[in-house]
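Listed here are the chains, written in short residue letters.
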Amino acid sequence: MPNHNVIRNRQSTTSPVDLAQNGAELAGLTAELAPLYGDQSAVQAERYVDALTQFSAFAGPGPAWLFRAPGRVNLIGEHTDYNNGFVMPIALDRDILLVVRPRRDRTVRLANIEPEFEQSAFTVSEEIPQASPGHWSNYVRGAAQMIARLAPDAFTGMDCLAVGAAPLGLARGSGLSSSSALTVSATLALAHFAGLNLPPEQFVQICSDAEWYVGTRGGIMDQFISLLARRDHALFLDCRPDVNGQYATRHVPLPAAYQILIADSGVHHSNVRGEYNKRVASCRIGVASLRRKHPGITHLRDVHSIPWGELAPSLPEQIGAVKAATSGLLDTDIPGLEPADVLHVRACCRHVWHENHRVEQALAALDSGDIAAVGALLQAAHASARDDYAISTPEIETLVASASAAPGVVGARLTGAGWGGCVLVLVRQEEAVHAAGVIQNSFLSAHGRVPTIFPCRTGAAAGLVATVDA
Ligand code: NG1
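Which residues make up the overall build of the protein, and what are the values?
In terms of helices and strands, the protein carries 14 helices and 16 strands. Taken over C-alpha atoms, the radius of gyration comes to 22 Å for the protein, in line with the 23 Å a tight globule of 470 residues would show. Taking all contacts inside the protein whose residues are at least 6 apart in sequence as the whole, residues at least 24 apart take part in 74%. Entry remark: accessible area of the protein is about 17,400 Å², with carbon and sulfur atoms responsible for 53%. Positive and negative side-chain charges in the protein, numbering 36 and 45 respectively, have mean positions lying 3 Å apart.

How would you sum up the site of the ligand? Please name residues and give values.
Every one of the 20 residues lining the ligand counts as a neighbour, but Glu-78, His-79, Asp-81, Glu-211 and Tyr-276 are closest to it. Here His-79 contributes a backbone N or O atom positioned 2.8 Å from an oxygen atom of the ligand. One nitrogen or oxygen atom from the main chain of Ala-417 is found 3.3 Å from an oxygen atom belonging to the ligand. For the ligand, whose accessible area on its own is 440 Å², the fraction buried by protein is 99%. Within the shell around the ligand, the residues separate by chemical class into four nonpolar, 10 polar and six charged.

Report on the sheet that holds strand 14 (residues 422-428), specifying residues and quantitative values.
Across the sheet, which stays open at both edges, the four strands sit in the order 13-14-10-15 with antiparallel pairing between neighbours. With partners counted over all chains shown, the strands left at the sheet margins are strand 13 (409-415) and strand 15 (453-455), one partner each. Strand after strand, the sheet turns through a mean of 25° between neighbouring axes, direction not considered. Against the sheet, helix 12 (residues 371-387) contacts strand 10 (258-264), strand 13 and strand 14, and its axis sits at roughly 35° relative to strand 13.

Quick one: what's the story with the packing of helix 12 against helix 13 (residues 394-405), residue by residue and with numbers?
Direction vectors running N to C along helix 12 and helix 13 enclose 160°, while the axes themselves pass 12 Å from each other. As far as their axial angle goes, helix 13 and helix 12 are roughly antiparallel. Where helix 12 crosses over helix 13, the handedness of that crossing is left-handed. For the pair helix 12 and helix 13, the contacting residues are Gln-379, His-382 and Arg-386 in the first and Ile-396, Glu-397, Val-400 and Ser-404 in the second.

Describe the environment of Phe-117, and please don't skip the residues or the numbers.
With respect to the element layout, Phe-117 can be found in the loop between strand 5 (107-112) and strand 6 (120-123). Considering only alpha carbons, one finds Phe-117 and Pro-295, 178 residues apart in sequence, at a separation of 47 Å.

Explain the pairing of strand 13 residue by residue, including any values.
Within a regular strand, the side chains alternate between the two sheet faces. Most of strand 13 is tucked away: six of the seven residues are buried. Where strand 13 folds back onto strand 14 in an antiparallel hairpin, the turn is made up of six residues, including Gly-416, whose phi is positive at roughly 90°.

How would you explain the packing of aromatic side chains if you had to name every residue and give the values?
Applying the stated criterion across every chain, the model contains seven aromatic pairs. With a centroid separation of 6.0 Å and 70° between ring planes, the pair formed by Tyr-37 and Tyr-48 is classed as edge-to-face. Taken together, the residues Tyr-37 in helix 2 (residues 23-37) and Tyr-48 in helix 3 (residues 41-59) connect sequence positions 11 residues apart. Tyr-48 carries the same exposure label as Tyr-37, and that label is buried. Ring centres 6.2 Å apart and planes at 80° place the aromatic pair Phe-67 and Phe-193 in the edge-to-face group.

Conventions and cut-offs
- Residues numbered from 1 in each chain as written.
- Predicted model: local features only at pLDDT ≥ 70, side-chain atom pairs only at ≥ 80, totals over all residues.
- Heavy atoms only, no water.
- Helix = DSSP H or I, 4+ residues; strand = E, 2+ residues; numbered from the N terminus.
- Rg over C-alpha atoms; globule rule 2.2 N^0.38 Å.
- Contact = heavy atoms within 4.5 Å.
- Areas by Shrake-Rupley, 256 points an atom, 1.4 Å probe, with all protein chains shown as cover.
- Lys, Arg positive; Asp, Glu negative; His and termini not counted.
- Charge placed at Lys NZ, Arg CZ, Asp CG, Glu CD.
- Near = heavy atom within 4 Å.
- Polar contact = N/O pair within 3.5 Å; in protein donor to acceptor, adjacent residues only side chain to side chain.
- Nonpolar A, V, L, I, M, F, W, Y, C, P; charged D, E, K, R; others polar.
- Pairing = 2+ DSSP bridges.
- Axes fitted to C-alpha atoms, helices over the stretch in contact; angles between N-to-C directions.
- Parallel < 35°, antiparallel > 145°, perpendicular 65-115°, else oblique.
- Left-handed = near helix turned anticlockwise from the far one by under 90°.
- Buried < 20%, exposed > 50% of the residue type's maximum accessible area, 1.4 Å probe, protein only.
- Phe/Tyr/Trp six-rings, centres within 6.5 Å; stacked < 30°, edge-to-face > 60°.

In structure tokens form, the structure reads like this:
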């Protein structure tokens, strides 16, 4: 279980308010946060102090535990994780921070530093009812239910203040995985207080199950990169476990002469989403259709080495949700799927099959330093996400088109689930600022506002940061 404890049990008697007013203390905290945040640690120290101040107003003075989990951007490999395929995410230095204190009465009390996210409370059990659909507390409820099922007697409760990074660009639905960062940090806290020391594979599965509780039939990419992040590296992850339930991973150094920019379209999807689950359904129907010729396969990944041209004729171009269910091609309940939905099975499978190959090719190109090839793969991945997976939007298209034409840019693509969110731009270091200006101007002309663009600074893995007095 990750445990950074960079601020080693800061048991000073200094209150957060004193800390904020005491320049020397703040400088000390900044230094202690440097291993996690590098040149952003002064800003982060202020964020931490603010968090502790608000936590003591919420829960009263006393000890507090600080857990954090990073957001992520995905270099390449979109919608492949739940097909047991390949992905290559990068952890961001933008994270979700939880300030927590355990309770003994099986109650979880939740507050959020952003006032638009209302407070919530629930009793811990193996069947925790959801708050209203889309309520932020559902991610913590899901995590608590999973931990309670695993250790029914160990877990008690907690007071918890969530500190998002929305002002830092980690808004919900931005495709930077803030929902998983919340789920991972909550699971870290809950497992910690339940005395559970879980292996990464099991931890990741619990987090993923917690997101299924919320409603998204997602994969394991976000949770893995959160746990295994390494500075200045992407993570190549094979989402198909081996016979022992282990996953193959490899840290891949990012090319030093290049910068990744993240351009936020400002259009944010809700993570409880029928459109996402429709794509999941299309892939499952694809597998069921292919099973007639290739019995025993469970995921699209299992036909990775069979040429696409041989697979395509077995896949329906499209099929209605009702027909898929009555003909036995879709045997599980998928939240958000409506009887009138039409599923574009062949195009979805075509995206996934090719995207898996693109991730492998991108890994080889990064290994050999062929950045032009990486850029071409990013462009191809975007075209496939737009044309075959149908997850782009006009705002995303403006960002990708203007980035692709900007000087020094080698490739740009939609990153994350889609339907808005962010675009990743790979650009030569020295031209990054200029390219960002070009993209912002084009977007302003097309949509009447300036999009946020920020450099991707890699972040550290999720974990317990410190225990402190709040
Ligand atoms: P976003 O929406 O970017 O956080 C979602 C899924 C991922 C993956 C990507 C698409 C969850 C928690 N996250 O990520 O697993 O499928 O879409 O590649 O479901």
